[in-house]
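# Residue-level structural notes
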Amino acid sequence: MKVVLISPYEIGRQPFALAEPAAWLKQEDFDVECIDLANQPFEPSIFADARLIAIHLIMHAGARLAAEIIPQISKEAPNASICVYGLYAPVNDAYFRSLGCEYVFGGEAESDLRSLCQALREKHPTDEFRLTRNSLDKQEFITPDRSSLPALDQYASLRLADGREKTVGFVETTRGCKHLCRHCPIVPVYAGVFRVVSIDVVMQDIRQQMAAGAQHISFGDPDFLNGPGHARRIIERFQSEFPGTSWDATIKVEHLLAHTKHIEYFATNHCLFITSAVESIENQVLEELEKGHEEADFYQALELLRSLGISMLPTFVPFTPWTTIEGYLRLLKAIVRLRLVNCVAPVQLSIRLLLPHGTRLLESEHRHADWLGEFDSQMLGYQWTHPDPLVDELQVRIQDWVMDAEQDGLDRQKIFTGVWKLAYSINGSQPPALIQGVQPHAPQMSEPWYCCAEPTALQMSQISTATIPAV
Ligand code: SF4
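These lines cover the structure that appears in this document, whether it is placed above or below. (Residues numbered from 1 in each chain as written. Predicted model: local features only at pLDDT ≥ 70, side-chain atom pairs only at ≥ 80, totals over all residues.)

## Concerning the sheet that holds strand E3 (residues 50-56)
Our working definition: The pairing criterion is simple: DSSP has to find at least two bridges between the two strands. Numbering of helices and strands starts at the N terminus; helices are DSSP runs of H or I of at least 4 residues and strands are runs of E of at least 2. Every angle, taken between N-to-C directions, lies between 0 and 180 degrees, and every axis is a line fitted to C-alpha atoms, over only the stretch in contact when it is a helix.
Reading across from one edge, E2-E1-E3-E4-E5 is the order of the 5 strands in this open sheet, with parallel pairing throughout. Both edges of this open sheet fall to strand E2 (31-36) and strand E5 (103-105), since each of them pairs with a single strand only. Averaged over all adjacent pairs, the angle separating strand axes in this sheet is 20°, with direction ignored. In this structure, strand E1 (residues 2-7) lies alongside E2, joined through 6 bridges in parallel fashion. Residue pairing across strands places Lys-2 opposite Asp-31, the latter belonging to E2.

## Description of the site of the ligand
Note the cut-off: By definition, a residue lies near a molecule or strand provided its backbone-derived C-beta atom is within 6 Å of it. Amino acid classes used here: Ala, Val, Leu, Ile, Met, Phe, Trp, Tyr, Cys and Pro are nonpolar; Asp, Glu, Lys and Arg are charged; the rest, including Gly, are polar.
In the vicinity of the ligand, the residues found are Cys-177, His-179, Cys-181, Cys-184, Ile-186, Val-187, Pro-222, Asp-223, Lys-252 and Ala-277. Split by residue class, the shell around the ligand holds 7 nonpolar, 1 polar and 2 charged.

## Here we look at the sheet that holds strand E14 (residues 311-316)
Pairing in this open sheet of 5 strands is parallel, and the strands run E8-E11-E12-E13-E14 from one edge to the other. Strand pairing shows two members of the sheet lacking a second neighbour, strand E8 (168-171) and E14, which therefore form its edges. Mean inter-strand twist for the sheet, computed between neighbouring axes without regard to direction, equals 20°. One ladder, built from 4 bridges, connects strand E12 (residues 246-250) with strand E13 (residues 271-279); its direction is parallel. Across the sheet, Trp-247 pairs through a bridge with Cys-271, a residue of E13.

## Looking at the pairing of strand E4 (residues 81-85)
Here is the rule we go by: Burial in this document is a count-based property: other C-beta atoms within 10 Å of a residue's C-beta are tallied, and the residue is buried at 20 or more, exposed at 12 or fewer, or partly exposed in between, with C-beta positions derived from the backbone. A crossover gets the label right-handed when its path from the first strand over the helix to the second runs clockwise, viewed with the strands pointing away from the viewer.
Of all 5 residues in E4, 4 are buried, a share of seventy percent or more. Relative to E4, E3 runs parallel, the two being bridged by 5 bridges. Looking at the pairing, Leu-52 lines up with Ser-81 of E4. Pairing of E4 with E5, which is carried by 3 bridges, proceeds in the parallel orientation. Of the residues in E5, the one forming a bridge with Tyr-85 is Phe-105. Remark: the E4/helix H3 (residues 93-98)/E5 crossover connection has right-handed handedness.

## Describing helix H9 (residues 260-267)
Formally: To obtain the arc, one takes the directions from the helix axis to the C-beta atoms. C-beta atoms are placed from the backbone for every residue, and two residues are taken to be in contact when these atoms lie within 7 Å.
Within H9, the full set of buried residues consists of His-262, Ile-263 and Phe-266. For H9, the arc enclosing every buried residue in end-on projection is 100°, short of the 170-degree limit, so these residues lie on one face. Facing away from the buried surface of H9 by more than 90 degrees, the exposed residues are Thr-260 and Lys-261. Where H9 is buried, its residues contact helix H7 (228-241), helix H8 (253-258), E13 and helix H11 (295-308).

## Some remarks on unusual backbone geometry
Of note, the phi angle at Ala-191 is positive, near 45°, even though the residue is not glycine. By the secondary structure assignment, Ala-191 is in the loop between helix H5 (187-190) and strand E10 (194-196). Note on Ala-191: 14 C-beta atoms within 10 Å, which makes it partly exposed. With a phi close to 70°, His-270 is a non-glycine residue in the positive phi region. Within the secondary structure, His-270 is located in the loop between H9 and E13.

Nothing here speaks to function; it is all geometry.
So, in structure tokens, the structure goes:
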């Protein structure tokens with residue numbers, strides 16, 4: 001029986017969430033095809049004879065692309081059943097069912113996918129799989145099968161501060177998260193639970209990606225230090241087997257400060273940079289998001305990493321219902337003062353809070369807030385309007401500027417200068433001279449990280465033009 005696994009978009013990473021179920025299904029002798037639409041064309045012929053087509057929805061942008069391609073898939077494969085799985089599937093089940101999906105699974109989906117495929121092959125009833133499933137059961141992970149995915153050099157690469165590029169292998173050591181940040185799309189699905197991939201499987205995955213040309217390993221866990229001992233043991237094994245190979249991970253500010261001994265160990269073991277979801281420097285906003293850190297903690301974590309020679313790449317959600325123009329200017333000034341201009345991907349300066357179904361932000365009094373609009377099923381999020389129209393206008397202007405400037409190939413300091421001018425002039429002020437001083441360069445991925453954000457219209461059109469054929 002033929003099964004097609006599809007990833008619409010995953011910020012330049014070779015998707016573990018295709019490679020892992022592919023391994024499970026091949027073990028059961030299913031004929032599995034993987035398509036990563038971020039790198040491969042939409043070939044109608046691939047759907048011929050498929051019995052199940054399963055689409056992974058890990059990101060908001062990817063989920064919206066999936067909604068665009070599902071009608072085409074149904075047309076090309078009228079006899080196949082369609083399944084969606086991953087973070088954005090269970091919270092949007094009604095919408096995806098309305099598009100023709102029969103099966104909806106959550107984040108820990110491998111065993112459900114395998115059982116469904118077995119039932120379809122044996123022609124057993126599949127009624128039990130038709131209700132939305134959001135299993136958090138521990139999966140017995142095996143070495144992911146990456147053989148039918150595009151080569152690693154087709155994915156995001158690492159750009160070093162000196163301009164050299166490295167091929168990147170993307171590895172996951174955990175899924176889910178033990179925290180409950182109120183804006184995070186992981187929380188409605190995992191509800192404070194995380195699951196561990198065994199060290200042996202992680203090492204097998206690293207080995208196969210190193211053999212496939214990886215020169216740097218990027219740990220793509222939502223937070224690498226959810227299981228600090230697990231992370232430490234992985235780095236010990238990884239560095240003993242591939243000494244000197246650089247790596248990066250995503251670690252929250254709170255964990256950076258709570259696990260300094262591990263961070264010191266990482267620094268002496270070739271950790272190149274840490275992506276950290278700082279989100280805001282306004283304590284009121286950080287409280288709303290229940291981020292678990294305050295402004296001062298961010299500065300302390302930055303100082304810690306710098307003292308150890310690790311670059312921090314902070315990410316932000318600068319546009320929220322609680323943003324003020326003054327607060328946004330304060331953020332820009334802090335980025336200059338902290339010499340982070342080259343460490344912050346310009347898209348981070350334009351990100352607007354995403355409110356997906358199930359977001360904890362709407363568990364509170366905000367459910368009745370004046371700024372909150374209706375749920376927009378096509379946008380897969382609640383609409384919201386800032387109480388101060390100037391803030392929304394500034395967000396749109398900055399988003400447009402960043403997109404245009406990046407398309408024109410402007411460097412980060414020039415883009416930042418444009419953002420600075422826009423932010424100051426939004427209420428008619430004369431922008432003060434921007435003295436950037438020495439802004440160190442940091443290593444960065446060729447495709448910037450963003451997650452808890454609405455993709456812009458241009459981002460959507462760029463991704464979808466690359467992905468979806470004209471009809
Ligand atoms: S924002 Fe980060 S730390 Fe918070 S719940 Fe999400 S993944 Fe976990």
